[in-house]
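Here is how the chains run, residue by residue.
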Amino acid sequence: MTAGTTELAQECERLRVENRHLKRAVASHALVDQAIGAVVVLGRIPQDEAWGVLRDVSQHTNTKLRLVAEHVLKFAQGGDLPQPEMDEFRRALDRTRIASRTRP
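First, a word on what this report is: a plain description of the structure on this page. If you're wondering where the values come from, they're calculated on a predicted model, not measured in any experiment. (Residues numbered from 1 in each chain as written. Predicted model: local features only at pLDDT ≥ 70, side-chain atom pairs only at ≥ 80, totals over all residues. Heavy atoms only, no water.)

Let's talk about the overall build of the protein chain
No. 1: Scanning the protein chain from terminus to terminus reveals four helices and zero strands.
No. 2: Scanning the protein chain from its N terminus toward the C terminus, one meets helices and strands in the order α-α-α-α.
No. 3: Whereas a compact globule of 104 residues would reach a radius of gyration of roughly 13 Å, the protein chain reaches 19 Å, over 25% beyond that.
No. 4: Considering only residue pairs separated by 6 or more positions, the protein chain has 52% of its internal contacts joining residues 24 or more positions apart.
No. 5: Here the protein chain contributes 16 positive and 14 negative side-chain charges, whose respective centroids are spaced 3 Å apart. (Helix = DSSP H or I, 4+ residues; strand = E, 2+ residues; numbered from the N terminus. Rg over C-alpha atoms; globule rule 2.2 N^0.38 Å. Contact = heavy atoms within 4.5 Å. Lys, Arg positive; Asp, Glu negative; His and termini not counted. Charge placed at Lys NZ, Arg CZ, Asp CG, Glu CD.)

Side note on the side chain of Thr 63
No. 1: As for its placement among the helices and strands, Thr 63 is situated in the loop between α2 (47-61) and α3 (65-76).
No. 2: Look past the residues within four positions of Thr 63 in its chain and what remains in contact with it is Ser 58, Val 68 and Glu 85.

Considerations on the packing of helix α1 (residues 3-43) against α3
No. 1: The contact between α1 and α3 brings their axes to 8 Å, and the two run at 45°. Viewed along their axes, α1 and α3 adopt a mutual orientation that is oblique. Helix-helix and strand crossings are classified by hand; for α1 and α3 the assignment is left-handed. Facing Ser 28, Leu 31, Val 32, Gln 34, Ala 35, Ala 38, Val 39 and Leu 42 of α1, the residues of α3 in contact are Leu 65, Arg 66, Ala 69, Glu 70, Val 72, Leu 73, Phe 75 and Ala 76. (Axes fitted to C-alpha atoms, helices over the stretch in contact; angles between N-to-C directions. Parallel < 35°, antiparallel > 145°, perpendicular 65-115°, else oblique. Left-handed = near helix turned anticlockwise from the far one by under 90°.)

Some words on helix α4 (residues 83-102)
No. 1: Taking 1.5 Å as the rise per residue, α4 with 20 residues should run 28 Å; its terminal C-alpha atoms sit 29 Å apart, in good agreement.
No. 2: Taken residue by residue, α4 has Glu 85, Met 86, Glu 88, Phe 89, Ala 92, Leu 93 and Thr 96 as its buried positions. What you see down the axis of α4 is that its buried residues fit within an arc of 165°, all on one side. Exposed residues on α4 whose side chains face more than 90 degrees from its buried face are Pro 84, Arg 101 and Thr 102.
No. 3: Buried residues along α4 sit in contact with α1, α2 and α3. (Expected span 1.5 Å × (residues − 1). Buried < 20%, exposed > 50% of the residue type's maximum accessible area, 1.4 Å probe, protein only. Arc of directions from axis to C-beta.)

Re the pattern of salt bridges
No. 1: For the structure shown, the criterion picks out eight salt bridges.
No. 2: One salt bridge connects Glu 11 with Arg 14, and the closest N-O pair in it is separated by 2.8 Å. Of the two residues, Glu 11 and Arg 14 both sit in helix α1, three residues apart, roughly one turn of that helix.
No. 3: By relative accessible area, which is 43% here, Arg 14 ends up partly exposed. (Salt bridge = Lys/Arg side-chain N within 4 Å of Asp/Glu carboxyl O.)

Structure, rendered in structure tokens:
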């Protein structure tokens, strides 16, 4: 292999890795968007507040946001939400509702 061929092979591999990461990010984003919609319906709250609820559940349970989104979607379809996430989901909704009542 020549130096130019090696560089092309390395660039090709770098692009393949980047492509895999981008595909994963797009899929994860779509999953989170769907979960936001589920939280809007379940919690009867606006979309921006639903995002905050998901983020809070993720942070307070030390669970990746993508995984929380998966669990919320399963819950919205009649499945179970892991107990720590359920507890934090309720607390986050309560905090959100209290905050929205105190806004001018």
